[in-house]
Structure formats: structure tokens, C-alpha cells
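As a plain string of letters, each chain reads:
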Amino acid sequence: MAVYRSRHALPGPLTPDRLLDVTLPRTRLGRRGYRVDEVDALLCRLAHELRDRTRQLDLTRDENHRIKEALRTWHTRHAEERSQVNTS
């Protein structure tokens, strides 16, 4: 996956708050450029979606951790039960 680079790139990971703080250089009067309100709206949407995906990823990691712990607990109990049956 290619990494976007420019002279105005933010160093480090891109977070929703950092995305909202981005200010792009404005073009000089009379030159073509992007409409500031549309760029700001896009940055706001991207920040919202990035925040939502980050939240979903955190929930997935938490659920993964919970499942792994439950599996470890089950495995330990199952191994203890088998050990008791074999020693009887």
C-alpha cells in the first residue's frame, strides 16, 4: 500500500482530531483551487468515518481478547477434568 506524502503531510499516525486540525494552503487570488467549504466538509466527514472505524476496531479487539480469555479458561478446565478422569 502506498503512503501519501506531500510537503504538508502530517507526521505520525492520522487520527480524527489531527484530520480536523488540517489546514491546507490557499491558492493565490485569481488562481484555481478547491472550494474551502467543500474541503472542510470532506475533512469533517473523513474524521467522522475514521473515528467510527477506530471505535469499531477497538470493540473488535476487546471482543477478541474476551474470546481468547474464555477459550483459555475453558481449555484449562477441560484439561483439569481430563487429568482427574485419567488419575481415577
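Here the structure is shown first, and the text comes after it.
Throughout what follows, the structure given in this document is the object of discussion.

Scoring rules and cut-offs
Residues numbered from 1 in each chain as written. Predicted model: local features only at pLDDT ≥ 70, side-chain atom pairs only at ≥ 80, totals over all residues. Heavy atoms only, no water. Core = buried A, V, L, I, M, F, W, Y, C linked by side-chain atoms within 4.5 Å. Buried < 20%, exposed > 50% of the residue type's maximum accessible area, 1.4 Å probe, protein only. Helix = DSSP H or I, 4+ residues; strand = E, 2+ residues; numbered from the N terminus. Contact = heavy atoms within 4.5 Å. Expected span 1.5 Å × (residues − 1).

**Considering the nonpolar core**
Move 1: The biggest cluster of nonpolar side chains holds five residues, and these are L19, V22, V39, L43 and A47.
Move 2: The element best represented in this core is helix α2 (residues 36–87), accounting for three residues.
Move 3: For L43, the residues in contact, after removing those within four places along its chain, are L19, L20 and V22.

**A few points about α2**
Move 1: Between its terminal C-alpha atoms α2 stretches 76 Å, which fits the 76 Å expected from 52 residues at 1.5 Å a residue.
Move 2: Those residues of α2 that fall on the buried side of the exposure criterion are V39, L43 and A47.
Move 3: Next to the buried residues of α2 lie α1 (16–20).

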